[in-house]
Every structure is written in C-alpha cells, then in structure tokens.
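# Descriptive structure summary
Residue-level listing of the chains:
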Amino acid sequence: MYKLNYNDALAENLYMCVKKRIQNLAKDFINGKTKKLDKVKYTALDNTKQYLREKILDDAYLEKLIAGRPDVLREIIKNIPIDAFNAPPAVNTSKYTKTQLERYHKELNDNYNLNRILYYIFYQMTYNDDKYLGKKQFIEGLKIRTCPYCNRNYIFVVKKENNGKVVKPEIDHFYPKSKYPFLAVSFYNLIPSCGMCNGFDCKSNECPCTDDKDPDNSQRIANPYEFEDRNYRFSFDYHNHELFNLTVDDIVLKIEGDNQLIQGYEDFFAIKALYNEHREYIVDIIIKLMYQYNSSGCYYLTKNLGSNINESVLSRAFWGFSIGTDDSQLRIFNKFFNDILKKAKEYQSPDDLNI
C-alpha cells in the first residue's frame, strides 16, 4: 500500500489510442448491429442507444471516462444509468433445452443490455486487444516494481530466455469490470498488482465501495493513486519491557489510521494477517537501533569515507531500505520498514533506545 504518482500524459495517450475503436463499436450498436458475447447475441435497446449516442460519442465525456482521475471516475459512477451496473448472475445452462436457452438469451438481452454491451465494447473488444491497450507497455510506463496494494511482492515485466515470451504482472480493475464495464480501459482504474492481491481469495471482483451512488463516502479501500500514508500506518507494541531481550513472540503488530480503510485492507488483502508473519523484521530494526546505529557513528563515517558518502546513502546501506516512503514503488516492504522504524524511535528513552 503506497501512493502511485499521477501520469496524465500516459492517461491522455491511452485515450487517443482507444477513442476511435470505442466510438466505432458504439456506432455499430447505434446503427442496429447485433454482436455476440459469450455465445449470446446482443442488440442495443433504445436506452442503450441513447447512452451510447449522448455519452460515448461525446469526445469530452469519453476523454473523462478514459483519462479522468479517480475523483472524475466517481462522478461518472454517480451519474451513469443504474442499468450499467446490472451484470447477469452466473448460470449453468449446460442442461437447458434449445427453447430454454433461447428464452434465457432473450432475457439477457432484455434485462442486462447496457451492462453487457458496455462490457463488449470496453473490455471484450478493446481491453483484451493488445493493439489498443498494450499491457506490457502500460505496465512499463508506470515505472513501478512493487505491488501497490501490499508492497510485499515485486511485479516485473520480464522475458523468458528460452522462448522470449513476456511474463507480466496482473492488472487489477479497481472497479471490477463485470459491474463497471465502462471503466475497463480507464487509465486510473487499471492497477498493476501481484497475483496474490488480485487473486480469488483477495480482491478479485470485490467492489471497493458499498454504494454506487455515493462512492466518495462508501469506499472500503483507497485507489492507490489516492492512498495517503497517514491513513494506514504500521505500528507495534511489545509485552517484554526489556527491549534488549525482545523476541518475535513479544511483538504485537498494530495498524493505525482510518478505521474504515484499515478494515477494508484486511477484508480485501488480509494485510495485517500477512505482515504479522514478518514480525522478525521489527525485532531486527529494534536491535539495530539499540546496538549499532547512532548519530555519532554516522558522523564519523561520513567524514572519513570521503565526500561521496553522505548520511542518507549510509542510512540506506545500514538499514537495507530507503529512509522515507518515496521508494515504496521500487522496493518491497519499504513502507512497513519505515513505519516500524518511526515507531521504534518513539519508544526511545534514556534507558532503552539511545540514539
């Protein structure tokens, strides 16, 4: 969990890449063409045609939809026709007769028309086509190396040496594509993530808000572009008051910040439960802080190792992580380490941590 940097230039470039494709597909439906999605034929009903004509063919609206920042996307969600969210339930049709199947397909076209046609346009025919959304280039353009949701796993784009195939991290749709198909190629809705965070046992198709008509005030987790460190901070207590003799079992991991966000990150990603398995790092930081790291020693080394060594470089070499959370997008555990180091220093006293 760390804050992604906005990149409006890349967002605008994505809009220019997909604009013509999306609008041409919309025109096909407006002109009465029938398209097949998951073996079901869909023909746009009047309300669907109206939305496509008035919104998707409007360049200004489509640009907001594709390149708009998260607050703009929430405004679109609040004002889009409610039918857009109406995704059909999973149904096993393997034992349906031909007549039953035809009746069911007609029901899908009649009752889920806008959602399914938007899914066809934005996801099936645009997101899934690398000609319009080059996923490798998209991920590389963000220049991040760790999962924005957990900061525990690296997410690299690499080529296999034996066959040259590209191995990519996953791209999570922050607002899931099944319920919000109109956001399937929205730049700030596409979050590169690790397989664990985007897996079925974690976020997968979970919705980040509880009320589509009030997404500002019902968010369960923050879009990584809007994440703020102060709202989610790692901390700890300890049972043994002899800091010099701490063990992992003495450490109690805590999360501080916004209670709704804390609960959301646990519901979606089990962040606290996962990081609780890394309490040994807390002990390591405390030991280094007590036994090895002190300002006088740093001063001595920076003065005697030459002008090319400054205290920030020395701190990074000593701790094994960068001081400050700006490097979290490049290094795993960086936020956790920094939050814990800050808390450990708060426990400092003349009898305990003497820095």
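Scroll up for the structure.
Residue numbering note: each chain is counted from 1, following its sequence as written. Totals for whole chains, interfaces and linings use every residue, but because this is a predicted model, local features are given only for residues with pLDDT of at least 70 and side-chain atom pairs only at 80 or more, for both listing and counting. Values reported for side chains reflect all heavy atoms of the structure, with hydrogen atoms and water molecules removed beforehand.

### Quick notes on the pairing of strand β7 (residues 232-238)
Regular strands show a simple pattern: their side chains alternate between the two faces of the sheet. Spelled out, the test is: For the exposure calls, accessible area comes from a 1.4 Å probe over protein chains only, and a residue counts as buried if that area is under 20% of its type's maximum, exposed if over 50%, partly exposed in between. By the criteria applied, helices consist of DSSP H or I runs no shorter than four residues and strands consist of E runs no shorter than two, each listed in order from the N terminus. A pair of strands is labelled paired if DSSP reports no fewer than 2 bridges between them.
Summarising burial for β7: 5 of the 7 residues are buried, a large majority. Of the strand pairs in this sheet, β7 and strand β8 (residues 251-257) are connected by 7 bridges, and their pairing is antiparallel. For Phe234, the partnering residue across the bridge sits in β8 and is Ile255.

### Focus: a nonpolar patch on the surface
Here is the rule: Patch construction takes residues with relative accessible area above 30% that form no salt bridge. Like charges are linked within 9 Å, and nonpolar side chains (Val, Leu, Ile, Met, Phe, Trp, Tyr) are linked within 5 Å. The Shrake-Rupley method, run with a 1.4 Å probe sphere, supplies the accessible areas, and residue values consider only the shown protein chains as cover. We define a salt bridge as a contact between a side-chain nitrogen of Lys or Arg and a carboxyl oxygen of Asp or Glu at a distance within 4 Å.
A cluster of nonpolar side chains, contributed by Tyr154, Phe156, Val158 and Val167, occupies part of the molecular surface with about 310 Å² of accessible area. Its place among the elements puts Val167 in strand β4 (residues 166-167). Classification of Val167 by relative accessible area gives partly exposed; the value is 35%.

### Observations regarding the side chain of His173
Threshold: In what follows, a contact means two residues having at least one pair of non-hydrogen atoms within 4.5 Å.
With respect to the helices and strands, the residue His173 is situated in strand β5 (residues 170-173). With a relative accessible area of 6%, His173 lands in the buried category. Ignoring any residue separated from it by four or fewer positions in sequence, one finds His173 in contact with Tyr123, Tyr127, Leu183, Ala184, Asn189, Leu190 and Lys203.

### Let's talk about the nonpolar core
Heads up, the condition is: Side-chain atoms within 4.5 Å link the members of a nonpolar core, which is a set of buried Ala, Val, Leu, Ile, Met, Phe, Trp, Tyr and Cys residues.
Among the nonpolar cores identified, the biggest contains 102 residues, and Leu52, Ile56, Ile121, Phe122, Phe182, Tyr232 and Phe234 are the most heavily contacted of them. Leave out the neighbours within four places in its chain, and Phe122 touches Ile22, Ile56, Leu62, Leu65, Ile66, Tyr127, Pro181, Phe182, Ala184 and Val185.

### Thoughts on the packing of aromatic side chains
The cut-off we apply is this: Pairing of aromatic side chains requires ring centres within 6.5 Å, counting the rings of Phe and Tyr and the six-membered ring of Trp. Pairs whose planes differ by under 30 degrees are stacked, by over 60 edge-to-face, and all others tilted.
For the structure on display, the rule yields 31 aromatic pairs. Judged by centre distance (5.2 Å) and plane angle (45°), the rings of Tyr232 and Tyr265 are tilted. Residue Tyr232 is found in strand β7, and its partner Tyr265 is found in helix α8 (residues 259-269); the two are separated by 33 residues along the sequence. Pairing Phe268 with Phe269 gives two aromatic rings, centres 5.9 Å apart and planes at 45°, and the pair type is tilted. Per residue, the accessibility class of Phe268 equals that of Phe269, and both read buried. Clustering of aromatic rings is evident, with ring pairs tying together Tyr149, Phe227, Tyr232, Phe234, Tyr265, Phe268, Phe269, Tyr275, Tyr281, Phe333, Phe336 and Phe337.

### Notes on the side chain of Asp250
Condition: By the counting scheme adopted, Arg and Lys are positive, Glu and Asp are negative, and His together with the chain ends is not counted. Polar contacts, as used here, are pairs of N or O atoms within 3.5 Å; protein pairs need one atom able to donate a hydrogen and one able to accept it. Residues neighboring in sequence count only if both atoms are side-chain atoms.
With respect to the helices and strands, the residue Asp250 is situated in the loop between β7 and β8. Here Asp250 sits buried without a salt bridge, and the closest side chain of opposite charge, Arg279, lies 8.7 Å off (N-O distance). Within the local environment of Asp250, its side chain forms a polar contact with the backbone nitrogen of Thr247, the two atoms lying 2.9 Å apart.

### What about the pattern of salt bridges?
A side chain of one charge can pair with a side chain of the opposite charge when the charged atoms of the two come close. Taken as a whole, this structure holds 21 salt bridges when the rule is applied. Here the residues in one salt-bridge network are Arg74, Glu75, Lys78, Asp216 and Glu226, joined through shared partners.

### Quick word on the packing of helix α2 (residues 46-56) against helix α3 (residues 59-67)
Convention followed: Helix axes use the C-alpha atoms of the stretch in contact, all axes being lines fitted to C-alpha atoms, and the angles between their N-to-C directions lie in the range 0 to 180 degrees. Roughly parallel means an angle under 35 degrees; roughly antiparallel means over 145; roughly perpendicular covers 65 to 115; every other angle is labelled oblique. Residue polarity follows a fixed list, in which Ala, Val, Leu, Ile, Met, Phe, Trp, Tyr, Cys and Pro are nonpolar, Asp, Glu, Lys and Arg are charged, and the others, Gly among them, are polar.
With their axes 7 Å apart at the nearest point, α2 and α3 run at an angle of 90° to one another. Between α2 and α3, the crossing angle belongs to the class labelled roughly perpendicular. Counted together, Tyr51, Lys55 and Ile56 of α2 and Tyr61, Leu62 and Leu65 of α3 form the full contact between these two elements. Residues of the contact of α2 with α3, tallied by class, amount to 5 nonpolar, no polar and 1 charged.

### So, α8
Residues that lie three or four places apart on an α-helix share one face, since the helix turns once every 3.6 residues. Condition: In this description, the arc belongs to the directions extending from the helix axis to the C-beta atoms.
Turning to α8, its buried residues are Leu261, Ile262, Gly264, Tyr265, Phe268 and Phe269. Angular distribution of buried residues about the axis of α8 spans 165°; they occupy a single face of the element. Where α8 is buried, its residues meet β7, β8 and α9 (271-275). For α8, the side-chain oxygen to backbone nitrogen distance between the N-cap and Gln260 is 3.1 Å, and the N-cap itself is Asp258. Ala270 sits one or two positions beyond α8 and adopts a positive phi of about 55°.

### Section: the packing of α2 against helix α6 (residues 113-127)
Relative to each other, α2 and α6 sit at 45°, their axes nearing to 10 Å. As the angle between them shows, α2 and α6 are arranged oblique. In this structure, α2 uses Thr48, Tyr51, Leu52 and Ile56 to contact α6, whose residues at the interface are Asn113, Leu114, Ile117, Leu118, Ile121 and Phe122. Considering only residue class, the contact of α2 with α6 consists of 8 nonpolar, 2 polar and no charged.

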